[in-house]
Amino acid sequence: MSKNPYQVIPATIYEIIEESPTIRTLRLRPERPIEFRTGQFVELTIPGIGEGPFTPSSSHYVKDVMDITIMKTGFVTEHVHKARVGDVVGLRGPYGTCYPLEKFKGRDVLIMGGGVGMAPTRSLFLTLLHDLDDYRSITFLAGARTPADMIYKYQIDEWRRIPKVKFLRSVDKVPEGESWDEEVCLVTKLLNKINIDPHDNPVVVCGPPVMMKFGTFDLLKYGYAPRDIYLSMEKKMYCGIGHCRHCVIGKYYACKDGPVFTYEVIKDEENIWE
Amino acid sequence: MIVSKSEIHAFFKRCQAEGLGGFQQVIVPRRSMVQPRDLFFTALNDKVEMVLESYRTVDPLRALFYFPRERILGGDVPKVKRLVVGAKACDLRGLQVLDKALINAEFVDPCYAAWRRNTTIVTVDCAEIGVSCHCNLVGGKPYAEEGFDLNLTALDVDYYHLSVGSAKGEELLALIQSATTITKASPEEKRLVSENRQAAVRKLQIQNAGLERGENYERLKKADIRIWIEEAQTCCGCGGCTNICPTCYCIILNDETTGKEFIKDKSWDSCQVNGYARVAGGATPRPKMFERFRNRYLCKFVNMPANFGLLGCTGCGRCIDVCAGKIKFTEVIKNVMEAKQVQETEHV
Ligand code: SF4
Ligand code: SF4
């Protein structure tokens, strides 16, 4: 008999990193390693509360532990933010499609991550770094609302020292009392600060819906082809296995045909940005 | 093969009473006491009178395989061996959709799969047609041609023609043979089968004359949105239509974990209610009623065909009977398919 797709693997929280006032990273040690490919997602259960789909933010080369970065946005995530070190949560997965790293080989890879959308793209970034020789260059454009909302600040210096890596950051605004000496603009406008040949090079976008939408339009204007724009349609998934139909985007399921889609594939479906 | 009605009815009763064939439950349609036109599935016992040759029940066959609420993790996989007698062709088509959705190479719903495995289905041709029946408009027939274990066609008041459609059906037939007298069908009797079937088809054609609309369902998607707004006017979003549909399978999951073991329940959801597919932060995919109303039609006629190669509508007509807004599903389809088409789809 086939195995129950709802079976969860208990995982212990061994560390919590408070990334911003609303975002934290759970560092998890599952009872058995969960092998995933970067871009795929897992379902995380807070016992007795519920579950939600999240993309790991750690590299897929790291097997016995997993980082998941989560923003407080609703009922389940509120409880994620109440969790403490030592608590046990449930994980099932991985589900869905991954970033097609084979196609990225030998290319200039551009990554655009906004807000908590930096989480799945950090997983990609860290995975790419593992095989840095395989890629021509990696450019990461990171955006957040304010400096306080910017996540993974503690790793930025280390990342910027890596050859072939360019890491630009912007915030939408700098409230009084906060300081920021990098760009102040929408993350999509960072495109003006780089110089990549859009021809035949991949770009990965993940962030809030408006950012995905206008980011995609800006990338098209910049010269990227729809087939080279990879979108992570993150937030729609629910059961993770194509059994609840919640994440249907026209003829596609975000959970099975995605979450990683090229713009080429979904551009003609309705309401993709909502 | 030919079997007498009284003998095979008695056989079904013995399956229930004596556990013949190892069946622990025999489920049949019976008439509602309040509204005799309505049929419901019920567990057979001495007091139940089975009604096999009429049209489909009020409750979809799906509900016997996909419960309104069921423990999907941390409970026992269902093990009851069941015999369902009197299922209809349209409902069988519904199960074909669910089979593709819930039992596939990637992921299997353990409860649905177990109920399917442990249940033998005897279909019976429709001799009567319900007022909302329209299987003929979706390429269906009022009799099953595949997917059943055993099928019965009434020849006259006394006899059924019987055919076998699966290995489970073979097993059941062997059992029936041991308990009843089965004879070979004569050419005359075979002719009667197709005559009776044609008679039912004709009733459907007459009933649904004028509602034909072709099969170019992309037109539903491309129709001017104003027609949808109009058609949805009396829809109150009660979700009756999705609950009663033979192919709807949307669910929500409830985490019921209290102790160490993880426990999850699934329950029916409805794309007609506003909270459907609400994501963290509160956004829903279709906040307006007419968008949700339209979604149900697109799901059945455009998305499910793309996903499964099968229409999501079996023509059972239950959504017409149940509708609080007195909306006639078949008329909506026709009206929308005949409405003005617009090119761009980003109009909602
Ligand atoms: S829709 Fe067709 S198959 Fe279903 S009950 Fe009515 S006549 Fe029978
Ligand atoms: S049964 Fe009728 S009123 Fe209720 S949601 Fe369906 S179409 Fe709307």
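Residues numbered from 1 in each chain as written. Chains lettered and ligands numbered in written order. Predicted model: local features only at pLDDT ≥ 70, side-chain atom pairs only at ≥ 80, totals over all residues. Heavy atoms only, no water.

Trainee: Would you take a moment to explain the site of ligand 2 for this structure?
Mentor: The environment of ligand 2 is made up of Cys235, Cys236, Gly237, Cys238, Gly239, Cys241, Gln272, Phe293, Arg296, Cys323 and Gly325 of chain B. By residue class, the composition of the shell around ligand 2 is 6 nonpolar, 4 polar and 1 charged. (Near = heavy atom within 4 Å. Nonpolar A, V, L, I, M, F, W, Y, C, P; charged D, E, K, R; others polar.)

Trainee: Honestly, the packing of aromatic side chains in this entry has me stumped. Any pointers?
Mentor: Aromatic rings in a pair are described by how distant their centres are and how their planes are angled relative to each other. Counted according to the given criterion, the structure contains 22 aromatic pairs over all chains. Ring centres of tryptophan 228 of chain B and tyrosine 297 of chain B lie 5.3 Å apart, and the angle between their planes is 55 degrees; on these two criteria the pair is classed as tilted. Residue tryptophan 228 of chain B is located in helix H7 (residues 225-231), and its partner tyrosine 297 of chain B is located in helix H9 (residues 289-308); the two are separated by 69 residues in the primary sequence. A residue is classified by how much of its surface remains accessible, and tyrosine 297 of chain B, at 0% relative accessible area, is buried. Of the aromatic side chains, those joined through ring pairs into one cluster are Tyr217, Trp228, Phe293, Tyr297, Phe301 and Phe329 of chain B. A cation over a ring is seen here: arginine 122 of chain A above tyrosine 152 of chain A, with NZ or CZ 4.0 Å from the ring centre. The aromatic ring of tyrosine 160 of chain B is capped on one face by lysine 5 of chain B, whose charged end is 5.3 Å from the ring centroid. (Phe/Tyr/Trp six-rings, centres within 6.5 Å; stacked < 30°, edge-to-face > 60°. Helix = DSSP H or I, 4+ residues; strand = E, 2+ residues; numbered from the N terminus. Buried < 20%, exposed > 50% of the residue type's maximum accessible area, 1.4 Å probe, protein only. Lys NZ or Arg CZ within 6 Å of the ring centre and 35° of its normal.)

Trainee: Could you clarify how one ought to interpret the site of ligand 1 in this entry?
Mentor: Taken together, the residues surrounding ligand 1 are Tyr55, Arg56, Cys90, Cys126, Ile129, Cys133, Cys135, Lys141, Pro142, Gly315 and Cys316 of chain B. Taken together, the residues of the shell around ligand 1 sort by class into 8 nonpolar, 1 polar and 2 charged.

Trainee: What is the right way to read helix H3 (residues 110-117) of chain B from this model?
Mentor: In an α-helix there are 3.6 residues to a turn, and that puts residues three or four apart on one side. Taken across its 8 residues, H3 of chain B has 7 buried, putting it largely inside the fold. Every buried residue of H3 of chain B is accounted for by Pro110, Cys111, Tyr112, Ala113, Ala114, Trp115 and Arg116 of chain B.

Trainee: Looking at this structure, I do not really get the nonpolar core. What am I missing?
Mentor: The tendency in soluble globular proteins is for nonpolar side chains to be buried as a group. Leu110, Leu141, Val205, Leu219 and Leu231 of chain A together with Tyr249 of chain B are the most contacted members of the largest nonpolar core, which has 72 residues in total. When neighbours within four sequence positions are excluded, leucine 219 of chain A is seen to be in contact with Leu110, Met112, Leu191, Val203, Val205, Tyr224 and Ile229 of chain A. Among the nonpolar cores identified, the runner-up in size contains 31 residues, and Phe125, Leu128, Tyr152 and Trp159 of chain A belong to it. (Core = buried A, V, L, I, M, F, W, Y, C linked by side-chain atoms within 4.5 Å. Contact = heavy atoms within 4.5 Å.)

These figures come from the coordinates and say nothing about function on their own.
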